[in-house]
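Remarks on the overall topology
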Number of protein chains: 2
Amino acid sequence: MQIEANNPDLKSWVHVSPDSDFPIQNIPFGIAIPPGRTPRVCTIIGDKVVDLLEAYDLGLFDGVGVQRSVFKNRYINELMALGKEKTREIRQRISELLRVEDPHHAELHSGRILVSVSQCKMMMPVKVGDYTDFYSSEEHATNVGTMFRDPENALLPNWKHLPVGYHGRASSIVVSGTPIHRPMGQTIPPDSQQPVFGPSKLLDFELEMAFVVGKETRLGQRISTEEAEDYIFGLVLFNDWSARDIQKWEYVPLGPFLAKSFASTVSPWVVTLDALEPFRTVGPDQDPKVLPYLQYSGKKNYDLNLEVAIQTENGDEKVVCNSNSKYLYWNMAQQLAHHTVNGCNFKIGDMCASGTISGKTPESFGSMLEISWKGTKPIQMPDGTSRKFINDGDKVVLRGHGRKGKLRIGFGEAAGKILPSNPFK
Amino acid sequence: MQIEANNPDLKSWVHVSPDSDFPIQNIPFGIAIPPGRTPRVCTIIGDKVVDLLEAYDLGLFDGVGVQRSVFKNRYINELMALGKEKTREIRQRISELLRVEDPHHAELHSGRILVSVSQCKMMMPVKVGDYTDFYSSEEHATNVGTMFRDPENALLPNWKHLPVGYHGRASSIVVSGTPIHRPMGQTIPPDSQQPVFGPSKLLDFELEMAFVVGKETRLGQRISTEEAEDYIFGLVLFNDWSARDIQKWEYVPLGPFLAKSFASTVSPWVVTLDALEPFRTVGPDQDPKVLPYLQYSGKKNYDLNLEVAIQTENGDEKVVCNSNSKYLYWNMAQQLAHHTVNGCNFKIGDMCASGTISGKTPESFGSMLEISWKGTKPIQMPDGTSRKFINDGDKVVLRGHGRKGKLRIGFGEAAGKILPSNPFK
């Protein structure tokens, strides 16, 4: 689809540096609290948050036909519920407001509608209903299977026939910047039959992306791969924090539970699928051929560069992973078609994460489990320490962007600092 | 705790038959749509729905200090959010309104506040945030382990050390009476490497109970076994519909997904933990001893008789299971303490189901998988047909109640009829 707001030649009256994730072509949505104001729906350009409620009150959305409550809101769910036709109109209007041509004279009000992002408190953009985590990177699944099962049969028999996934915990999805206490839990010491209780010793990140559902389905309704993108409003970066030692003991036979549910961190801006249109690309060949309901046509993967950095308490940073969402074996359309093939219904705000996105080389592995290969290959940090997993005081930062010529569309950061375990109570 | 409204000697001016689940001592909460009215918070006595919004408008809650919006609501979440002190006041007032003494002269308004349950449409009582399914019946886990793994080591090593659980799908939890289409999905034929797509052939129920969380926690906060019941507002019957053939193919390594997410059915009335106080009982001995955070004191199990009936399309009914919630190895306080030990937060309306509640004898097995022992022991139906699993047109009905002397407190029904698979779209 050609989207006028994606035109790489558009320029804004707001200064945007060339390496910004948020040029005028992006226009993502999020919830910010500007100083002295209530939470509200905003977008961002360069390093300025654009307060859409103030813009609304200034009449800058006149003629678009949208209620004030859409912007005076703690979540973007109501905005998404308007449907893609209307949210495209809204993005188009915002694009016009911010252009050098500025037919609506928005620049006259820049003091009221623009706020430095550093002055804003960002909130969870979406009220998440259900959250599903897929396991869609062949390289990640192969690495895990190699480490824990059998290198000769690293992938389980179902893996290439369906996008394996499981339900996750929605309540503990938090916005970038929220500190996370190291989880306590049961683990089993080597060669012991008796579990012990204490802080997780093998705390890990997982580099993922998640899509946000913007259109609901009824119970019993299925979404085809062809229709799926109509149901996807946009994407965020997603860190599926994982306590490997808790996971190992608890996860049979019903899957990960407390090893994951203590927290997941998302980036604050939902980047629309429309804004990511220029980065569509072909996915990996799927062999064996998948069942008809999982077949698709066209470019359904996205070429988005992803990285993970660890910042130690002294402020040093080391990038430990460079990956790309185009590596995913199963695309979002297939995930959604599979998820609904049994009639499972979706609500607006439901979130589906990709699973850890690893590439073929160790530099592109998306978790410490893989990077340190189960702790056998520690990595050196700039401050002279080493890491097998994540230490207290470490901040893990996910970043992601697409680039095509001079156009760069990005996600900002999904960052979280690990605090020591909470003492009981 | 002694609760005045539980006094078995209380009598109501509303007729209640002795075998009713809903005497004046019950006073559960649910959402009903009486004829010509909007959805609202109601209770039930005998076979009369009590419209609490009408009662409110008549001034019958004067002095209790509660907002009208609590009753003019599509869910009981706001009611639960008032906290147990206030909801106890509300139940106490309702109890007074319905007593033969009737100090508030409610009976004068019986034409307005009472509606036959047969005239009301019942709705989901709770807006469910996250839903977790435990696996807390030793007999069920043993049966499953015996059938699918190793009779000598039927329970996995972690089972007696922690209440195994996993995240489930909240969006597809539906109220009793909602028909369910047989799910479509991938299954693997015997001795094949190539999955096929079609309607599930092994559709099953699971007899469970679920508790509803009425008090939220912060991320990082833990709930001790001693505090846990403060966070539990009440219970419902829960049918965790399961497609065994889909489950078998999909569930490694991350647990059940589409085999469960097509639907779960709950009873419409949330019976408060307070009303179930008379049925407290001791749980099974736990050996080996559990870790300190899972230890508890007092009676934390509930003696509630449970049954499952299958009704064929001609209206015949056969009770296929008689079980009891007191059999559960892990109690709700332990489930909640475990669930939050890693800091996972709870929101009001979150639901936790018990897992299939089976007893020791085949008559008390809580799923067709166990009753028919993987299909090897079909059961005979009154209409001359037999069942290994659930057929199209069958209605599965869960019922449950506690009895102590002449006092009977019950849940009504969680019923769902299976319709043929939806054709694509």
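These figures come from a predicted structure and were not determined experimentally.

1. Focus: the domain arrangement of chain A
All names here are of chain A. The domain architecture assigned to chain A consists of domain 1 (30-123) and domain 2 (131-419). The C-alpha-based centres of domain 1 and domain 2 are spaced at 30 Å. The interface is formed by 16 residues belonging to domain 1 together with 17 residues belonging to domain 2. It is Met80, Lys84 and Arg91 that lose the most area in domain 1 upon contact with domain 2, and together they represent 44% of the buried surface on that side. With its nearest N and O atoms 2.7 Å apart, the salt bridge here joins Arg88 to Asp274. On inspection of domain 1 and its partner domain 2, the count reaches four residue pairs in polar contact (both at pLDDT 80 or more). Secondary structure elements with two or more residues in the side of domain 1 that touches domain 2: strand E2 (40-45), helix H3 (77-81), helix H4 (84-98) and strand E5 (121-123). Looking at side-chain class alone, the side of domain 1 that touches domain 2 contains nine nonpolar, four polar and three charged residues.

2. Describing the relation of the copies chain A and chain B
Take chain A, turn it by 180°, move it 0.0 Å along the axis, and it overlays chain B with an RMSD of 0.0 Å. Viewed as a symmetry operation, the transformation between the two copies matches a two-fold axis. Of the C-alpha atoms belonging to chain A, the one lying closest to the rotation axis is found on Gly255(A), 2.1 Å away. Mapped onto chain B, 98% of the interface residues of chain A again fall at the interface, so both copies present the same surface.

3. Observations concerning the sheet that holds strand E21 (residues 317-324) of chain B
Residue and element names in this part refer to chain B. Strand order in the open sheet formed by five strands is E9-E26-E25-E20-E21, with mixed pairing between adjacent strands. The outermost strands of the open sheet, each flanked by one partner alone, are strand E9 (180-181) and E21. Note: strand E25 (residues 395-404) against strand E26 (residues 407-419), nine bridges, orientation antiparallel. By the bridge assignment for E26, Lys395 is matched with Lys417.

4. Side note on the pairing of strand E6 (residues 131-134) of chain A
All names here are of chain A. Residues of E6 alternate between two faces, with Tyr131 and Asp133 on one and Thr132 and Phe134 on the opposite face, all of them buried. Where E6 and strand E22 (residues 351-353) come together, three bridges link them in parallel fashion. Among the inter-strand pairings, Tyr131 is bridged to a residue of E22, identified as Met351.

Procedures and definitions
Numbering of residues starts from 1 in every chain and runs along the sequence as written. Note on labels: chains are lettered from A, ligands numbered from 1, in written order. For a predicted model such as this one, the threshold for reporting local features is a pLDDT of at least 70, and the threshold for listing and counting side-chain atom pairs is 80 or more; totals across whole chains, interfaces and linings nevertheless cover every residue. To obtain the side-chain values, all non-hydrogen atoms of the structure were included, while hydrogens and water were left out. An automatic or database domain assignment supplies the start and end points of every domain. What makes two residues a contact is simply this: any of their non-hydrogen atoms within 4.5 Å. Buried area: the accessible area, evaluated with a 1.4 Å probe, that two parts lose upon being put together, summed over both parts. By definition, a salt bridge exists where a carboxyl oxygen of Asp or Glu is found within 4 Å of a side-chain nitrogen of Lys or Arg. Distance and chemistry together define a polar contact, namely a pair of N or O atoms within 3.5 Å, with one atom able to donate a hydrogen and the other to accept it when in protein, and with adjacent residues in sequence counting only for side-chain atoms on both sides. Secondary structure is summarised from DSSP: a helix means a run of H or I of at least four residues, a strand means a run of E of at least two, and numbering begins at the N terminus for each. Ten residues, namely Ala, Val, Leu, Ile, Met, Phe, Trp, Tyr, Cys and Pro, are considered nonpolar, four, namely Asp, Glu, Lys and Arg, are considered charged, and the remaining ones, Gly among them, are considered polar. Least-squares superposition of the copies uses the C-alpha atoms of those residues scoring a pLDDT of at least 70 in each of them. Pairing between two strands requires that DSSP report at least two bridges joining them. Any residue under 20% of the maximum accessible area for its type is buried, any over 50% is exposed, and the rest in between are partly exposed; the area is computed with a 1.4 Å probe on protein chains only.

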